[in-house]
Each structure stands twice: as C-alpha cells, then as structure tokens.
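# Breakdown of the fold
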Amino acid sequence: MATSSVSKGCFVFKPNLKKRKTSVPIEEYFNKGKNESEDSKLRFETYQLIWQQMKSETEQLQEEFNKNLFDSLIRFLQKSHSGFQKNSRDWGCQIKHREIPTAALILGVNVTDHDLTFRSLTEALQNNVTPYVVSLQARDCPDMKHFLQKVFSQLMDCHVDVESKEQEKDIQKKIHCSMDSLSSWYMNVTQKMDPGKPGKKRTSSSQWQSPPVVLILKDMESFTTKVLQDFIIISSQHLHEFPLILIFGIATSPIIIHRLLPHAVSSLLCIEIFQSLSCKEHLTTVLDKLLLTTQFPFKLSEKVLQILISIFLYYDFSIQNFIKGLQLSLLEHFYSQPLSVLCCNLPEAKGRINFLSDNQCENIRRLPSFRRYVEKQAAEKQVALLTSDRFLKEETQSLLENLQVYHTNYFLILRCLHQFTSSLPKYPLGRQIRELYCTCLEKNVWDSEEYASALQLLRMLAKDELMTILQKCFNILKSSSEKQLGSSAKRIEELLAQFQSLDAEAKEEEDTSESQSKGLQKTDLYHLQKSLLEMKELRRTGKKQTKFELLREKVANFIDGLVREHLLPPETQPLHEVVYFTAAHTLHEHLNAAPRIALHTALNNPYYYLKNEALKSEEGCIPSVAPDICIAYKLHLECSRLINLVDWSEAFATVVTAAEKMDASSVTSEERNEIIHARFIRAVSELELLGFVKPTKRKADHVARLTWGGC
C-alpha cells in the first residue's frame, strides 16, 4: 500500500471492515464431516441449554461448599483486626498484636481447583472485610524485590479512589518498593478515605476507617524459604502501622509451615487452620446432582463414567477437570448421535418426535435396542413399526415415557440399596454410591458374588440398624409419585410397624418372665447350665426361627425383589442410545492423550491429520511435498545415534528438489540451494525444540539422536 510521506517511517493501516471475513457459525462446525446434517442446529442449541443448566448447578454447589469455609474465615479476619481498631494498651494485647494473624487454608492436592476457590475468596473478602486483597504465586516472587513489587502493584489496583489511580501508578514507578513505602502509602490512603464518598467498591468493609491488608499466598509450599522468612520478619516490625493478615494456601499439610519456617519466624505468626471440604465428598455431591437425577436427561454409560472417575482418583482429584470431561461427553454425544435431538425434557421430546424426518425414523429403526424391542412384539406390530412412520412416532413417544419412569424408579431404588450396603462390614458393593452405580450400570447386580455376600450380611443385621435403614428408605420412597413405588413405601411402613410390635411383645414377655421368676426357687449353677444346653440343643435340632428372624428375612426378600425389578442395566431399555453416551474409546483418546504417539504420527504420516491427498504415500517412502519437518524427521529415523548434519542436509535437499525441478528455471541454482539450506536449518531447529535431537560436543558437525523405537 502506497503512502504520500517523503520520509522513511512505520505506517499503520487499519483493516477494512468490509473486507473482513465473516465468521462461520459454530453450529456449522458442529456436524462437520457427517453425512446427516439435519437437525444439527437444533442439537447444538439443545447441547448449549443442557450444559448451561449443568454449569449453573455446579456453580451453585461450589458456592454452597465454600459458604461455611468463607464465613468462618471472614469471622477470623474480622476478629483479628478488631484489636488494631481499638488501639488497646493492654500488655497482653500488645504482645499478641506483634503476631501476624495467619489463616492456614488446607485445600487438598486438587491444585487445579484452587484458582476458582481463591477467586471466590477474594471477592468475598472485598465485599465483607477489606478492599485491599493481594494474591501472589510463587512463580512471580523469586526474591524479596519482586515480592514487594507485586504487593505494591496489586494494592494500587485495589485502591478505592478511582480518580487518583493514574496518579498512584506514576508514584509507584518513582517510589522504591519497601515496607516503609507500603506503610506510608497505607497511612496516606486511610487518612484520605472519606466514608461518605462513593468509591469504586462501597461494601460493608467500608465501616472500618483502617481496613486490613489481606495477603493470599496461593501456593505456600512453592515459595522460597528465604523470601517468606524475610517478609514475615519485616512485616511483623511494621504491623502497628501496616495491618497485615496472611492467608496461606496449602495443598498438603499444615506441617509444611514449620518445615519452611524456623521457630523464630513461625512464632511471629498467630496461625489458625481452616479445612475445606474433601474433594471426594464434592465429587459424590456433583454426581448426585448431575447424573443420579431425572432433572437432566443426559446419562453416561458404565465405561465412560469409569474413565472420568479413574482420571479423578488416580491423576488430579480435580472437580473442574471432571466437569470438563462431563462437558466433553455431552458435546460428543450431541455431535455423534443424530437422535440426540430427542435428549431433552419429555414434553419437548414428544413435540420433536412429531417433526422427525424419514431419515431420522430410519435411524430409530437401526438402533440395536429398538431392534430387540421389535423382535419381541407380535407380527402385526412388527410390520407396523417397520413400515409406518406415524405408528413409529407414537410408539417412540410411549418408549420415551417408559424410559423416564425407568430412570425415576432406578435412582430411588439405587439410593435405597445404598442405604443398606453402605453400612455393611467390608462394604461388598462399595462404600460410595458411585461404586454401586457403576456396578448396576455394567450388569445385573444380583448376579454378582458381591451382591450375594451383601444380601447374606443383610440377613444378619440387628433390629435397631434394620429399623434405621428402613426409615431412611421410607423417606426416600414416600416422595415418589409412581404407584408402584408408592405401594413399596407402604410396605416398608408396614414392616416398621411389625418391628415396633415386636418390641411391645418382647416387653410383655419380659414382664411375665420376671413375675414367674419371683415365684420360682433358687437353682444352683449345675442345673442352670444343664437347662441352657438343653434349650440350645433344642433350638439347633428344631431350627425354628424367631419372629424377628422371620421378619428380617421378609425385609431381605423385599429389598431383593425391588432390586431385581428396577435396577436393570440401561442396555435392556429401548431407545437408551438417545440419552446414554457410550463412546468410551473416543473420550479416552481426548482425555488420556499420548503426546509422543500423536507427535510421531503427525511427523511420520502427515496425511493422518492434514487429510491432503498429495501427502499419501506408501510405507517407507518420503513424499517430497510433505512439510519440511516431516521430511527431516523421517530421514533422521534412518540414522544411528550420531547424525552427520552434512549427510542429513544432502538427503533433505535430494527429497525437496524432487518436487521443485519444474521451478528450477525461475531461480538460480545458488539461490535455490540457499533457500533449501535455510529450510533444513529451520526443520532441525524445530526437531531440537521438540526433543528429538540435541547438539553434541563429541563431533562439531553432528547432532545426537534422543528418541528410539519410532516415537
């Protein structure tokens, strides 16, 4: 583009908005590469709706979990700062005020979830305690100078007075960052602060004329010991003029404080420990709210759920990563399953069934579960289902209703069974409900040895335990609107009444036995042992059960009947493919990625990812039109431990020039060699960056190969 300027310089040309390419809607990519493109927009909108509902539910759960922790933490901070506000002259208070109030926040090893927790904590502190909240990470504070600079810069951003914000930034550049400068800055700011003046954030913390400065160390274990010690010692000396409160984010154990800080330094801290909720308990609640409910129609198969739980338990304990995996499963389900358009609320799904196209009707007929359902029907109904779209749509509506009822009963009975199995010794069916749920998804739970063992232990429970569990099951089932489970709730109520009548009968028998014993004469030990042995032998030979044992057997048989009737695997239900995501292999490829294998595949066979027909080649051949790094990589696979750069360069030039012979007349031979040499150097540098080769001191014109076995 030409300019009218005579002098040399750098000119900026703003892009023309009219020529800017219009962005393609996301739903256009949603079904990319699929033949069935119909309903793609509707499926994408349904996915967005369900995910937004799930996301809001998880955010609400997170707020509920953090509420108790944050409330106790805020009370501690307010109590710690109250002494500074009173300016007490009591000797004991003065000694205590030389200690820095410190909250040790034990968050667990799920480090990836800590950022979200600290963001919520910062917002809560700014709304309730003080506008001056500083969050630091170890990677930003290698020494004391950077530590104080970060504190100073964040305090400037937290300043309430917006008008003087730019002026304070200019002052920050001129002032040498130290505790003296921080103290003087704090005194100036608090003296200028006018409670009646509207500021950037006018919160409940404004009731204090001198609000504290809260410093959050997100990863306390990663901070350098010397930096922590120096800062704590210096801060304790300025505490009377710079009211500092520390919050240590700890992933492991509070012992780390005493390992990092000697006694002379830790004695300057007034430490109180706060424990967050266990991430396993958090996972159980998330599963209960998102999957073990009929609120959301989307469900996971046993293998998919096992993958997500295994990654959580054996990798990172991260709830956020688990939720991202759930989101990926939801997205993949709506992307790969054309009938996922029916994965929505039942009234909405019934309306969509009426507008299904002929192709979608054929997709329903191709479902394996629907085929099995058709085979069980009468011949006339089979013909109608396979030929009449109208009859198929009516039957599909009925099947989706049955699927909704199945899930309602399934989750209620699952919770009842968990009430029994979670109190058994050694937990044969698992201690957590997620373990029981995975077992029930996989197969008929009553065919497993663990279930037989649990049922045997159930027949040995004491009366008090049995009545407590039955009462919990009654509370679960009485909320059901289904007639069948409503009758089950009544049956449990009858069993509880029978147990209570047993108590009354036992009390009467005890009273009569006491009255009879008063009229009996005293007997010696020999006759007493003899009578007890006779009673024991009589009970063993007669094998007559007591009323309690008979009633306990009824309870076990009743629970077993409910399990066999309602805890059938989802694969037995027609149209379960509509709501269940079963592509465990696809999810495993995305979440448990193997970067070395993927990198080798991309460099050795670029067609796998680029899908360019020109890159297709036979095994062992090197296409001359492949990217330079791919050519260099395949050539280096043929070399030994040390690679001669000259030989490698000549081989690279031979392969590259095979595709450029027709362009040889356009440039001279010397220019072409220079271009090829530059391309080779760039390819080798990229391979060195990826870790395939490295320079060696043994030979100047050689590089060492670092990988073997083709990956």
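Because the structure is a prediction, the values reported are computed rather than measured.

### Comments concerning the sheet that holds strand E3 (residues 213-217)
- What the 5 strands build is an open sheet, ordered E2-E3-E4-E1-E5; its pairing is parallel. The sheet is open, and its two edges are formed by strand E2 (133-136) and strand E5 (269-275), each paired on a single side. Looking at each pair of strands side by side, their axes are set apart by 20° on average, direction ignored.
- Bridge analysis of E3 against strand E4 (residues 244-250) gives 5 bridges, and the strand direction is parallel. The partner of Val 214 across the bridge, within E4, is Ile 245.
- Sheet strands touched by helix H4 (residues 114-128): strand E1 (100-106), E2, E3 and E4. Its angle to E3, the strand with the most contacts, is close to 175°.

### Observations regarding the packing of helix H11 (residues 279-290) against helix H13 (residues 319-336)
- Here H11 crosses H13 at 25°, and the two axes come no closer than 10 Å. Our classification of the angle between H11 and H13 gives roughly parallel. For the element pair H11 and H13, the recorded crossing hand is right-handed. Taking contact as the criterion, the partners of Cys 279, His 282, Leu 283, Val 286, Leu 287 and Leu 290 in H11 are, on H13, Ile 319, Phe 322 and Leu 326.
- The residue inventory of the contact of H11 with H13, partitioned by class, reads 8 nonpolar, 1 polar and no charged.

### Things to note about a negative patch on the surface
- Residues Glu 59, Glu 63, Glu 64 and Glu 123 make up a contiguous surface patch of negative charge.
- By residue number, the principal contributor to the negative patch is helix H2 (residues 40-86), which donates 3 residues.
- Assignment of secondary structure puts Glu 64 in helix H2.
- On the accessibility criterion, Glu 64 (45% relative accessible area) is partly exposed.

### Things to note about the nonpolar core
- Of all hydrophobic cores here, the largest spans 104 residues; its most connected members are Leu 300, Leu 305, Phe 370, Tyr 410, Leu 414, Phe 420 and Phe 499.
- Per-element tally for this core: the top contributor is helix H18 (residues 389-421), with 13 residues.
- Sequence-distant contacts of Phe 499, defined by excluding residues within four places in its chain, comprise Lys 463, Leu 466, Met 467, Leu 470, Phe 548, Leu 551 and Val 555.
- By size, the runner-up hydrophobic cluster in this structure holds 42 residues, among which are Phe 152, Cys 177, Val 213 and Leu 269.

### Quick look at a nonpolar patch on the surface
- A cluster of nonpolar side chains, contributed by Tyr 608, Tyr 609 and Leu 610, occupies part of the molecular surface with about 350 Å² of accessible area.
- With respect to the helices and strands, Tyr 608 occurs in helix H27 (residues 607-610).

### A short note on unusual backbone geometry
- Look at Phe 317: it is not a glycine, yet its phi comes out positive at around 55°.
- Along the chain, Phe 317 falls in the loop between helix H12 (302-316) and H13.
- You will see that Tyr 427, though not glycine, has its phi angle at about 50°, which is positive.
- Tracing the backbone shows Tyr 427 in the loop between H18 and helix H19 (433-442).
- What makes Tyr 427 partly exposed here is its relative accessible area of 32%.

Rules of the game
- Residues numbered from 1 in each chain as written.
- Predicted model: local features only at pLDDT ≥ 70, side-chain atom pairs only at ≥ 80, totals over all residues.
- Heavy atoms only, no water.
- Pairing = 2+ DSSP bridges.
- Helix = DSSP H or I, 4+ residues; strand = E, 2+ residues; numbered from the N terminus.
- Axes fitted to C-alpha atoms, helices over the stretch in contact; angles between N-to-C directions.
- Contact = heavy atoms within 4.5 Å.
- Parallel < 35°, antiparallel > 145°, perpendicular 65-115°, else oblique.
- Left-handed = near helix turned anticlockwise from the far one by under 90°.
- Nonpolar A, V, L, I, M, F, W, Y, C, P; charged D, E, K, R; others polar.
- Patch = residues over 30% accessible without salt bridge, like charges linked within 9 Å, V, L, I, M, F, W, Y side chains within 5 Å.
- Areas by Shrake-Rupley, 256 points an atom, 1.4 Å probe, with all protein chains shown as cover.
- Salt bridge = Lys/Arg side-chain N within 4 Å of Asp/Glu carboxyl O.
- Lys, Arg positive; Asp, Glu negative; His and termini not counted.
- Charge placed at Lys NZ, Arg CZ, Asp CG, Glu CD.
- Buried < 20%, exposed > 50% of the residue type's maximum accessible area, 1.4 Å probe, protein only.
- Core = buried A, V, L, I, M, F, W, Y, C linked by side-chain atoms within 4.5 Å.

From the geometry alone we can't say anything about function, so treat these as descriptive.
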